[in-house]
Amino acid sequence: MALTYKHQRAFVSRGANICVTKFDNDGSETVTTLEVSDPSGKGILFTPSKLMLHDNEDSLLLLDPNRNDSVFRMDLNRGKVVEEWKSTLHDVVVPTCHIQNREKFSQKTGESSFICANNKDFFRMDPRVSSKSKIVESDIKRYTKQIGFSCLATTGKGQLVLGSNKGELRLFNTASKINQNANTQFPGLGDPLIGVDVTEDGTWLLGTTKTYLIVIPTTIPDESGKTGFEKRMGTHKPIPRKLQLRHEDVARLDIRKVHFTPARFSVDEKTNEHRIVTSTGPYLITWNFTKVKKNVLDDYRVQRMKETVVDEQFVFGNDRSIVVATKNDVKVKTLKDKS
């Protein structure tokens, strides 16, 4: 699911269609459904594996899991896929498995470039590149061995965090250039990361595994506010804080298997992040991030939806409203006044 910051629209992948839903404080309604077919004009349909808003939220970038050498652009004003951007270097495919905005909030700006990653590479693509391939050749970092990159996120300054299927988190100071080594690497707790988020200022990381979340502060003591993105943390690396459901809640709610969706912080450019949201099955789960920072880790709220939740995100600028996508619907869930 991709949420606009400006127009209160949700874009949800439903097979070879994108369901467009309008939402506000009173609820939600489906506006239209857009067919996803490649721009060749041959009517070849595909089911996107990734969605990302781009270019003042006028475009939706899509990945086809069966064609990892391309990023597709849907023009939201025309409601159709109009471009295919190749990810090759000297006619050799550089797989594109994950995409991320250049900076945390750049989907609502005119920033044209964005970050891509695969198992062992990450790089910048820019549609202004004159060749068919849109990789910026001076802005690519390649490892000789498989790292297993599985997720990524960027700060408001464009610093990058990459998670791996080994549970590792690598922090890069990519505000200006990408082709550099990580300044800090956290070993994690050994389980594959299926999602990662970062606060706008880069001072906190949020990682998701199937059965628990990890929260890690990145500020280096006695370094004038510098973080692990900017400088190596060395012996100052903290132990990750682990967020998980209490055993008695798992039993009480009859959750046979915990499988979290990628957790996210609430989003707001003007105030700090206040909450964390994830889900498992039909249950929506939120943590008070202010309390988590104080090491209160088991104070969370569980709310049941009518169907299995497939994705959820906070409304931009509102940490009490969550857009929830289930298998067949999109709803807005408002948190009650409990802190």
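Shown above is the structure to which this text applies.
Residues numbered from 1 in each chain as written. Predicted model: local features only at pLDDT ≥ 70, side-chain atom pairs only at ≥ 80, totals over all residues. Heavy atoms only, no water.

## Points about the overall build of the protein
Line of reasoning, step 1. Each helix and strand in the protein was counted, giving two helices and 29 strands.
Line of reasoning, step 2. In summary, the protein has a C-alpha radius of gyration of 20 Å against a globular reference of 20 Å for 339 residues, a match within 12%.
Line of reasoning, step 3. With respect to the principal axes defined by its C-alpha atoms, the protein has extents near 55 × 50 × 35 Å.
Line of reasoning, step 4. Taking all 339 residues of the protein together, the buried fraction comes to 55%.
Line of reasoning, step 5. Sequence separation of at least 24 residues holds for 50% of the intrachain contacts in the protein that already meet a minimum separation of 6.
Line of reasoning, step 6. Charged side chains of the protein number 52 positive and 42 negative; the gap between the two group centres comes to 3 Å. (Helix = DSSP H or I, 4+ residues; strand = E, 2+ residues; numbered from the N terminus. Rg over C-alpha atoms; globule rule 2.2 N^0.38 Å. Buried < 20%, exposed > 50% of the residue type's maximum accessible area, 1.4 Å probe, protein only. Contact = heavy atoms within 4.5 Å. Lys, Arg positive; Asp, Glu negative; His and termini not counted. Charge placed at Lys NZ, Arg CZ, Asp CG, Glu CD.)

## Here we look at the sheet that holds strand β13 (residues 121–125)
Line of reasoning, step 1. Spatially, the four strands line up as an open sheet ordered β11-β12-β13-β14, and their pairing is antiparallel. Looking along the sheet, the strands with just one partner apiece sit at the ends: β11 (98–101) and β14 (135–142). Here the strands of the sheet are splayed against their neighbours by 25 degrees on average, with no regard to which way each runs.
Line of reasoning, step 2. Bridge count for strand β12 (residues 114–117) against β13 is four bridges, and the pairing is antiparallel. Along β13, the bridge assignment pairs Cys 116 with Phe 123. (Pairing = 2+ DSSP bridges. Axes fitted to C-alpha atoms, helices over the stretch in contact; angles between N-to-C directions.)

## Let's talk about the side chain of Arg 241
Line of reasoning, step 1. Inspection of the secondary structure puts Arg 241 in strand β22 (residues 241–243).
Line of reasoning, step 2. Summary of buried charges: Arg 241 has no salt-bridge partner, and the nearest side chain of opposite charge, Asp 298, is 12 Å away.
Line of reasoning, step 3. Here the side chain of Arg 241 touches Lys 293 through a polar contact of 2.8 Å, landing on its backbone oxygen.
Line of reasoning, step 4. In contact with Arg 241, other than residues within four places in its own chain, are Trp 204, Leu 213, Ile 214, Val 215, Pro 217, Val 292, Lys 293, Lys 294, Asn 295 and Leu 297. (Salt bridge = Lys/Arg side-chain N within 4 Å of Asp/Glu carboxyl O. Polar contact = N/O pair within 3.5 Å; in protein donor to acceptor, adjacent residues only side chain to side chain.)

## A word on the pattern of salt bridges
Line of reasoning, step 1. Overall, the coordinates contain 20 salt bridges when judged by the stated rule.
Line of reasoning, step 2. In this structure, the salt-bridge partner of Arg 246 is Glu 248, at a minimum N-O distance of 3.9 Å.
Line of reasoning, step 3. Here Asp 329 makes a salt bridge to Lys 331, at a shortest N to O gap of 3.4 Å.
Line of reasoning, step 4. When salt bridges that share partners are traced, they join Arg 124, Asp 126, Arg 128 and Asp 139 into one network.

## Description of the sheet that holds strand β28 (residues 318–326)
Line of reasoning, step 1. If you walk across this open sheet you meet the three strands as β27-β28-β29, and the pairing is antiparallel. Of all the strands in the sheet, the pair left with one neighbour each is β27 (309–315) and β29 (330–334). On average, adjacent strands in this sheet sit at an angle of 25 degrees to one another, irrespective of strand direction.

## Points about unusual backbone geometry
The bulk of non-glycine residues show a negative phi, and the bulk of peptide bonds are trans.
Line of reasoning, step 1. Even without being a glycine, Asp 254 presents a positive backbone phi close to 60 degrees.
Line of reasoning, step 2. Secondary-structure assignment places Asp 254 in the loop between α1 (247–252) and β23 (264–265).
Line of reasoning, step 3. Relative accessible area serves as the criterion here: at 53%, Asp 254 is assigned to the exposed category.
Line of reasoning, step 4. Notably, Asn 295 is not glycine yet its phi reads approximately 75 degrees, a positive angle.

## Side note on the nonpolar core
Line of reasoning, step 1. Counting 20 residues, the largest nonpolar core has Leu 213, Val 215, Leu 245, Ile 276 and Trp 287 as the members making the most contacts within it.
Line of reasoning, step 2. Within the residue set of this core, elements represented by two or more residues are β20 (204–208), β21 (213–217), β25 (283–288) and α2 (289–293).
Line of reasoning, step 3. Counting residues per element, this core draws most heavily on β25, at three residues.
Line of reasoning, step 4. Setting aside residues no more than four positions away along its own chain, Leu 245 makes contact with Val 250, Ile 255, Val 258, Phe 260, Thr 280, Ile 285 and Tyr 300.
Line of reasoning, step 5. Counting 16 residues, the second-largest nonpolar core is a separate cluster that includes Leu 171, Val 196, Ile 220 and Phe 229. (Core = buried A, V, L, I, M, F, W, Y, C linked by side-chain atoms within 4.5 Å.)

## Comments concerning the pairing of strand β19 (residues 195–198)
Line of reasoning, step 1. Along β19, one buried face is formed by Gly 195 and Asp 197 and the opposite face, lined by Val 196 and Val 198, is buried too.
Line of reasoning, step 2. The pairing of β19 with β20 spans four bridges and is antiparallel. By the bridge assignment for β20, Val 196 is matched with Gly 207.
Line of reasoning, step 3. Following β19, the chain reverses through five residues before pairing antiparallel with β20; Gly 202 in that reversal takes a positive phi of roughly 80 degrees.

None of the figures reported here should be taken as evidence of function without further support.
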